[in-house]
Amino acid sequence: MEFTIDSPIDMHLHLREGAMMERVTPLTSNDFAAAIIMPNLVPPVDNLDRLIAYREQIVAAKGEDVFEPLMMLFFRNYSKAELLAAREHIFGIKLYPAGATTNSEAGVKALDEVEDTFALMEELGIPLMIHGETHGFVMDREKEFLASYAHLAEKFPKLKITMEHITTRDAVELLDRYENLYATVTLHHLIITLNDVAGGLLNPHLFCKPIAKRPEDREALLQAALMAHPKLMFGSDSAPHPISKKECCGCAAGLFTAPVCLPTLVELFEAHGQLENLQSFVSGNAQRIHGFAAPRKQVKLEKIGMDVPARYGDVVPYRAGEHLPWTVTQRSSN
């Protein structure tokens, strides 16, 4: 049995820098036609020179793969001149609440203090992507931020807003309330709950932010993905960390899913009898929502199985050591 995906797109990806970036980039560029690259580096990607230099590093790391890195600026108050200069080089701007996740200390402390930049983005047609969490109780942080999404969607109705890596049933329901509100969802939030992370011995390699939630939240996310909800896009949030940063006190947040994204998605959609909707979820919705054409690339998977390595260098992947029924067998740009 085989299944082919046209121009798969990862709408939320961490590649890091240096040796880590060189190691993990091909694990996405082999299988995906494009990916949105997160800017929360140290220092953050918050100016055009830094962004262009970072993109050049990614292009070098991808080698001959057909793959377009879609670059993001780290949100701060930008002038109109800065945004006009950057517009042709960026896909959008990523907002992190200060301290909400990895390398977000330079993020936004109060949304009402940056509304001039929201207005400029709306005027110039620059999409806004948001890590939507408060600093409240960890299970409620996304739910508490939903009011901020609603406020922004109402105050800036022409600003295209993406709720990144949603994890709750409430976020799925909010999608249908505002025309300019969209969302991404990860592979792992379609599969795991908090019980998988901390229900027995703590599994640091399943710890992420936003944290996995309850079974009913996972079910709402899964059903929206399986039905290819027209405002929902796949974004892996694949986030590699060395073992020393995961198996330690102060465990870093993030799952490294890049090597198994497509095989696991095909497995998941096949198991629920919805393979015909995977193309929209992993490519079609994103291209339609954002009005762009991904590079032409066909990725064929076959049901011949693959064994997931225990390590990629010093990074442990999601489903490490497992046998998956599907594997990528061919990539072409015809």
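Treat the numbers as computed from the prediction; the structure is a model and nothing was measured. (Residues numbered from 1 in each chain as written. Predicted model: local features only at pLDDT ≥ 70, side-chain atom pairs only at ≥ 80, totals over all residues. Heavy atoms only, no water.)

Points about the nonpolar core
In globular proteins that are soluble, nonpolar side chains generally tend to be buried together. Spelled out, the test is: Buried residues of nine kinds, namely Ala, Val, Leu, Ile, Met, Phe, Trp, Tyr and Cys, make up a nonpolar core once their side-chain atoms join them within 4.5 Å. Exposed residues in this analysis have more than 50% of their type's maximum accessible area, buried residues have under 20%, and partly exposed residues fall in between, with area computed by a 1.4 Å probe over protein chains only. Contacts are residue-level and defined by heavy atoms, with any inter-residue pair within 4.5 Å sufficient.
Counting 95 residues, the largest nonpolar core has Phe-118, Leu-265, Leu-278 and Phe-281 as its most contacted members. The residues contacting Leu-278, other than those within four sequence positions of it, are Phe-3, Ile-5, Leu-265, Val-266 and Phe-269. Counting residues in hydrophobic clusters, the runner-up holds 18 residues, among them Met-11, Met-38, Phe-91 and Phe-292.

A closer look at the sheet that holds strand E7 (residues 161-163)
Our working rule: One bridge is not enough; two strands pair if DSSP finds at least two bridges between them. Counting from the N terminus, the helices are DSSP H or I runs at least four residues long and the strands are E runs at least two residues long. Geometry is summarised by axes, namely lines fitted to C-alpha atoms with helices restricted to the contacting stretch, and by angles between N-to-C directions that run from 0 to 180 degrees.
Within the open sheet, the 8 strands sit side by side as E2-E3-E4-E5-E6-E7-E8-E9. Their pairing is parallel. The strands lining the two open edges of the sheet, one partner per strand, are strand E2 (9-13) and strand E9 (232-234). In this sheet, neighbouring strand axes are inclined to one another by 25° on average, regardless of whether the strands run parallel or antiparallel. Bridge count between strand E5 (residues 92-95) and strand E6 (residues 128-130): 3 bridges; the pairing is parallel.

What about the pattern of salt bridges?
Inclusion rule: Here a salt bridge means any side-chain nitrogen of Lys or Arg lying within 4 Å of a carboxyl oxygen belonging to Asp or Glu.
What the rule picks out here adds up to 14 salt bridges. In this structure, Arg-76 and Glu-82 form a salt bridge, with 2.8 Å as the shortest nitrogen-oxygen distance. Glu-82 sits in the partly exposed class, given a relative accessible area of 33%. With a closest N to O distance of 3.7 Å, Glu-164 and Lys-94 form a salt bridge.

Geometry only, nothing functional implied.
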